[in-house]
Amino acid sequence: MNTLHLLSQPQALEACLSRAEEGDVVLMLGAGALVCLHPETFVANTKLQWRVMRDALAMHGIAEALIPQRVQCIDYAAFVDLAVAAPRCLSWF
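Residues numbered from 1 in each chain as written. Predicted model: local features only at pLDDT ≥ 70, side-chain atom pairs only at ≥ 80, totals over all residues. Heavy atoms only, no water.

(A) The arrangement of the environment of A15 in detail. Tracing the chain through its elements places A15 in helix α1 (residues 13-19). For A15 and F93, which are 78 residues apart along the polypeptide, the C-alpha to C-alpha distance reads 9.6 Å. (Helix = DSSP H or I, 4+ residues; strand = E, 2+ residues; numbered from the N terminus.)

Quick look at the structure:
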């Protein structure tokens, strides 16, 4: 992973995808978790690793069972691990 992309708004997905490179991680948090309701907008992008904050799903009433299998649900400890491992972090609003 070269970059950790923090997607906090669904409307920022297109801009995020335009800058993301193979192997990067996209973490959907806050309202960004709403992207999971429309997997056709991102699931075909296999060059990226997809994560979503478990609490963001709960906040928006999205059941974990409904998200694509390619998206891994994580907690704050895993978020910290990603942030520590990433040499670069970009926030998308």
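Right, picking up where we left off after that structure.
(B) Region of the structure containing the environment of G32. Within the element layout of this structure, G32 appears in the loop between β2 (25-28) and β3 (49-53). Those residues in contact with G32, other than ones at most four positions away along the chain, are L7, S8, Q9 and P10. (Contact = heavy atoms within 4.5 Å.)

(C) Fine view of the pairing of strand β1 (residues 3-7). Most of β1 sits out of view: five of its five residues are buried. Neither face of β1 is open: one carries T3, H5 and L7, the other L4 and L6, and all of them are buried. Alignment of β1 against strand β5 (residues 88-92), held across five bridges, turns out to be parallel. Among the inter-strand pairings, L7 is bridged to a residue of β5, identified as W92. For the segment spanning β1, α1 and β2, crossover handedness is right-handed. (Buried < 20%, exposed > 50% of the residue type's maximum accessible area, 1.4 Å probe, protein only. Pairing = 2+ DSSP bridges. Right-handed = clockwise from strand over helix to strand, strands pointing away.)

(D) Region of the structure containing the pairing of β2. Residue alternation in β2 divides its side chains into two sets, V25 and L27 and V26 and M28, and both sets are buried. Judged from the four bridges that link them, β2 and β3 form a sheet pairing that is parallel. Looking across to β3, one finds that M28 is bridged to V52.

(E) How the structure looks around the nonpolar core. In this structure, L4, L7, M28, W50, V52, L57 and I67 are the most contacted members of the largest nonpolar core, which totals 31 residues. Breaking this core down by element, the ones donating at least two residues are β1, α1, β2, β3, α2 (54-59), β4 (71-74) and α3 (76-85). With four residues, β2 is the single largest residue contributor to this core. Look past the residues within four positions of L57 in its chain and what remains in contact with it is A33, C36, V52, I62, E64, I67 and C73. (Core = buried A, V, L, I, M, F, W, Y, C linked by side-chain atoms within 4.5 Å.)

(F) Quick peek at the pattern of salt bridges. Enumeration according to the criterion identifies one salt bridge in this entry. Among the salt bridges present, the one from R54 reaches E64, with a minimum N-O distance of 2.7 Å. With R54 in helix α2 and E64 in the loop between α2 and β4, this residue pair connects regions lying 10 residues apart in the sequence. When its relative accessible area of 36% is taken as the criterion, R54 is described as partly exposed. Exposure remark for E64: the relative accessible area of 40% places this residue in the partly exposed category. (Salt bridge = Lys/Arg side-chain N within 4 Å of Asp/Glu carboxyl O.)

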